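# A look at the structure
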Amino acid sequence: MLTLRGLYEEGKIQLLDAPPQGARSLVAVVFLEGMQDQIADAKETMLLAKSPIFKRLVERGLAEVQQGQTRPVQELLDELPG
């Protein structure tokens with residue numbers, strides 16, 4: 001059994017997680033009472049996921065990690081005004 005998160009609004013269900021490719025399964029939909037802040041976070045996540053600018057930023061960040069252009073978090077924190 002696989003569980004995917006989604007949002008139901010105005011008669012439509014939008015999945016937050018990607019279903020497995022090529023899968024064919026029986027699906028059960030369960031409506032959970034979500035807290036408003038969780039719903040707001042999910043909507044913001046979906047908006048960011050559709051943003052080409054955000055996608056480029058993520059790809060650039062991943063490329064920097066792969067190229068070893070990272071530094072310890074503590075260095076960053078030490079630069080912040082205290």
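Residues numbered from 1 in each chain as written. Predicted model: local features only at pLDDT ≥ 70, side-chain atom pairs only at ≥ 80, totals over all residues. Heavy atoms only, no water.

## Quick word on the pairing of strand E2 (residues 12–15)
Across four bridges, strand E1 (residues 6–9) lies against E2 in antiparallel orientation. When the sheet's bridge partners are listed, Leu7 is paired in E2 with Gln14. Count of turn residues in the E1/E2 antiparallel hairpin: two residues, of which Glu10 carries a positive phi of about 50°. (Pairing = 2+ DSSP bridges. Helix = DSSP H or I, 4+ residues; strand = E, 2+ residues; numbered from the N terminus.)

## A closer look at unusual backbone geometry
Look at Glu10: it is not a glycine, yet its phi comes out positive at around 50°. Positionally, Glu10 belongs in the loop between E1 and E2.

## Here we look at a nonpolar patch on the surface
The grouping of Tyr8, Ile13, Leu15, Val27, Val29 and Phe31 at the surface amounts to a nonpolar patch, some 640 Å² of accessible area in total. The topology assignment puts Val29 in the loop between E2 and helix H1 (36–50). (Patch = residues over 30% accessible without salt bridge, like charges linked within 9 Å, V, L, I, M, F, W, Y side chains within 5 Å. Areas by Shrake-Rupley, 256 points an atom, 1.4 Å probe, with all protein chains shown as cover. Salt bridge = Lys/Arg side-chain N within 4 Å of Asp/Glu carboxyl O.)

## Focus: helix H2 (residues 52–66)
Helix length check: H2, at 15 residues, gives a terminal C-alpha distance of 21 Å against a target of 21 Å (1.5 Å per residue), a fit within 8%. Burial analysis of H2 places just zero of its 15 residues in the buried class, which makes it a mostly uncovered element. Once H2 finishes, Gly68 follows within two positions and takes phi at roughly 75°, a positive value. (Expected span 1.5 Å × (residues − 1). Buried < 20%, exposed > 50% of the residue type's maximum accessible area, 1.4 Å probe, protein only.)

## Points about the packing of aromatic side chains
Under the counting rule described, the total for this entry stands at one aromatic pair. An angle of 90° between the planes, with centres 5.1 Å apart, marks the rings of Tyr8 and Phe31 as edge-to-face. Residue Tyr8 is found in strand E1, and its partner Phe31 is found in the loop between E2 and H1; the two are separated by 23 residues along the sequence. (Phe/Tyr/Trp six-rings, centres within 6.5 Å; stacked < 30°, edge-to-face > 60°.)

## Examining the pattern of salt bridges
Within the structure shown, the criterion is met by four salt bridges. Residue Lys43 pairs with Glu9 through a salt bridge whose shortest N-O separation is 2.7 Å. One end of the pair, Lys43, is in helix H1; the other, Glu9, is in strand E1, with 34 residues separating them in the sequence. In this structure Lys43 comes out as partly exposed when scored by relative accessible area, which is 32%. The partner of Arg60 in a salt bridge is Glu64, and the shortest N-O contact between them spans 3.6 Å. Placement of both Arg60 and Glu64 in helix H2 is noted, with a separation of four residues, approximately one turn of the helix.

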